[in-house]
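Chain residues, written in single-letter form:
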Amino acid sequence: MELKVSTRSHAGHALVAIAGEIDLYTAPRLQSEFTRLLQDAPNRVVIDMSAVEFCDSTGMNVLLSALKRIKEQGGELDVAAPRPAVRKILQVTGLDSVFTVHDEVPEEFMISEGS
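Summarised in this report is the structure supplied together with it.

Thresholds, definitions, all that
- Residues numbered from 1 in each chain as written.
- Predicted model: local features only at pLDDT ≥ 70, side-chain atom pairs only at ≥ 80, totals over all residues.
- Heavy atoms only, no water.
- Pairing = 2+ DSSP bridges.
- Helix = DSSP H or I, 4+ residues; strand = E, 2+ residues; numbered from the N terminus.
- Right-handed = clockwise from strand over helix to strand, strands pointing away.
- Expected span 1.5 Å × (residues − 1).
- Buried < 20%, exposed > 50% of the residue type's maximum accessible area, 1.4 Å probe, protein only.
- Arc of directions from axis to C-beta.
- Contact = heavy atoms within 4.5 Å.
- Polar contact = N/O pair within 3.5 Å; in protein donor to acceptor, adjacent residues only side chain to side chain.
- Axes fitted to C-alpha atoms, helices over the stretch in contact; angles between N-to-C directions.

**Things to note about the pairing of strand β3 (residues 44-55)**
- Summarising the sheet, strand β2 (residues 13-22) and β3 pair through nine bridges and their orientation is parallel. Its bridge partner lying in β3, His13 is registered against Arg44.
- At this point the chain moves from β2, through helix α1 (residues 27-38), to the parallel β3, and the crossover so formed is right-handed.
- As defined by bridge partners, β3 adjoins strand β4 (residues 76-80) across five bridges and the pair is classed as parallel. Each residue of the ladder has a partner; that of Ile47, found in β4, is Val79.
- Between the parallel elements β3 and β4, the chain passes through helix α2 (residues 57-72) in a crossover that is right-handed.

This is the structure in structure tokens:
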């Protein structure tokens, strides 16, 4: 299964919507998207994981790497709307206490297409 990543930025905030499976084969695509995004030094990034069906340890490492880099820039990175399988991985690994996890994408990140 392929991985789809789309990013929308507005006023220092960025919403990264991910769809598909994050694994050893698709993680480099996500890594390169984060590398590109973090060049703009956003102050807050929310990762919409509502369409992520699977995420292995490689994917979690990409998220952790992005979190570390954005914190070094003084920003925040949150995870939003993980499906039950992904939420369980976050809980089992203890990463639910490392990331701020929202049940749904925060209202301020619901950027309309026209803005």
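Now that the structure has been shown, the text picks up again.
**Details of α2**
- In this model α2 runs 22 Å from its N-terminal to its C-terminal C-alpha over 16 residues, within 8% of the 22 Å that 1.5 Å per residue would give.
- Among the residues of α2, Gly59, Met60, Val62, Leu63, Ala66, Leu67 and Ile70 are the ones counted as buried. The buried residues of α2 occupy an angular sector of 155° when projected down its axis, which confines them to one face. Exposed and facing more than 90 degrees away from the buried side of α2 are Ser57, Lys68 and Glu72.
- Lining the buried residues of α2 we find β2, α1, β3, β4 and α3 (84-93).
- Backbone nitrogen of Thr58 and a side-chain oxygen of the N-cap are separated by 2.9 Å at the start of α2; the cap is Asp56.

**Focus on the sheet that holds strand β1 (residues 4-10)**
- In space, the five strands of this open sheet follow the order β1-β2-β3-β4-β5, with mixed pairing throughout. Lying at the two open borders of the sheet, with one neighbouring strand each, are β1 and β5 (100-102). Taking each pair of neighbouring strands and ignoring which way they run, the sheet shows an average axis angle of 20°.
- Two elements, β4 and β5, share three bridges in a ladder whose sense is parallel. Counted as the bridge partner of Asp78 is Thr100 from β5.
- Contacts from α1 reach β1, β2 and β3 within the one sheet, and its direction differs from that of β1 by about 15°.

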